[in-house]
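Structure at a glance
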Amino acid sequence: MATVLPRVARGVVRALLGVGLACSILALAALAIGPRTGRYRMQTVLTGSMRPKLPVGSLAISTPEPLDRVRAGQIITFQAPVGNWVVTHRVIEVVSGGPHPRVRTKGDANAAADPWVTQLERGPVWRVRLVVPLLGTAVRLLRMRWVHVGTVLVAPMLLVLLGLRTIWAPDPFRRHVRRARRPPAATS
């Protein structure tokens, strides 16, 4: 019984490490590699203009939408015609359709429509399809300098030290069995 428990504990630890590694690889693929394919884009929601649908700190996942398919009611991400910022608001009216539609937009939490009519010149625009609450805050934290230094410098050093420990240290799950001393051989 005493040897079964360490084996079970070792198996549980290995399984948890495997699951953690798989989750890390999937997260890396979804957050870093996937958007580079152009099939979707992720934006962190920074303001409350689209509450309650897009709360501050959430992550909005958008897919490309051809310009001629933009309709009222859709939430799109586009370049604002004034200033140089990207806006994610709901289309409340398609003023003119065609290959370069003109649309009026509004934030759901705003009292009035945006003070412009946007001509969508280059396509596609990005249509919000999914909102993941709080994940945008986690992404913003990962972009902070001290987190970057920790993940690029500190984490690899810790992994190297852990690897060296597993090579040189005894297995913590294995019980050390002392060999019983044999009595000296009797001489006759």
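Residues numbered from 1 in each chain as written. Predicted model: local features only at pLDDT ≥ 70, side-chain atom pairs only at ≥ 80, totals over all residues. Heavy atoms only, no water.

Moving on: the overall build of the chain. In terms of regular secondary structure, the chain is built from three helices and seven strands. The helix and strand sequence of the chain, counted from the amino end, reads α-β-β-β-β-β-β-β-α-α. The buried share of the chain, reckoned over its 188 residues, is 23%. Element-wise, carbon and sulfur atoms account for 63% of the exposed surface of the chain, whose accessible area totals about 13800 Å². (Helix = DSSP H or I, 4+ residues; strand = E, 2+ residues; numbered from the N terminus. Buried < 20%, exposed > 50% of the residue type's maximum accessible area, 1.4 Å probe, protein only. Areas by Shrake-Rupley, 256 points an atom, 1.4 Å probe, with all protein chains shown as cover.)

Most of strand β2 (residues 59–65) sits inside the fold, with five of its seven residues counted as buried. In this sheet, β2 lies alongside strand β1 (residues 41–44) in antiparallel orientation, the contact comprising four bridges. Looking across to β2, one finds that Q43 is bridged to A60. Strand direction decides the pairing type here: β2 and strand β7 (residues 125–132), joined by seven bridges, are antiparallel. Among the inter-strand pairings, I61 is bridged to a residue of β7, identified as L130. (Pairing = 2+ DSSP bridges.)

Quick look at helix α3 (residues 145–168) now. Here α3 is 24 residues long and its end C-alpha atoms lie 34 Å apart, about the 34 Å a rise of 1.5 Å per residue gives. The largest bend in α3 is about 35 degrees, located at T151. (Expected span 1.5 Å × (residues − 1). Bend = angle between axes of the 7 residues up to and from the residue.)

We now examine the packing of aromatic side chains. All chains considered together, the criterion is met by one aromatic pair. The interplanar angle of 65 degrees and the centroid separation of 6.5 Å between the aromatic rings of W85 and W116 together place this pair among those described as edge-to-face. Residue W85 is located in the loop between β3 (75–79) and β4 (86–96), and its partner W116 is located in the loop between β5 (102–106) and β6 (117–119); the two are separated by 31 residues in the primary sequence. (Phe/Tyr/Trp six-rings, centres within 6.5 Å; stacked < 30°, edge-to-face > 60°.)

Let us look at the confidence of the model for the chain. Counting all residues, the mean pLDDT for the chain is 86, and 87% of those residues have values of 70 or more. The weakest mean pLDDT in the chain belongs to helix α2 (residues 135–142) at 82; the strongest belongs to β5 at 97. (pLDDT = per-residue confidence, 0-100.)

Okay, a nonpolar patch on the surface next. Residues V149, V152, L153, V154, M157, L158, V160, L161, L164, I167 and W168 make up a contiguous nonpolar surface patch of roughly 1100 Å² in combined accessible area. The residue M157 is located in helix α3 in this model. Residue class for M157 comes out exposed when judged on its relative accessible area of 52%. (Patch = residues over 30% accessible without salt bridge, like charges linked within 9 Å, V, L, I, M, F, W, Y side chains within 5 Å. Salt bridge = Lys/Arg side-chain N within 4 Å of Asp/Glu carboxyl O.)

It is worth spelling out unusual backbone geometry at this point. In this chain, R51 is followed by P52 through a cis amide linkage whose omega measures 0 degrees. With respect to the helices and strands, P52 occurs in the loop between β1 and β2. Residue L134 is not a glycine yet carries a positive backbone phi of 70 degrees. Summarising the element assignment, L134 is placed in the loop between β7 and α2. Owing to a relative accessible area of 63%, L134 belongs among the exposed residues under this scheme.

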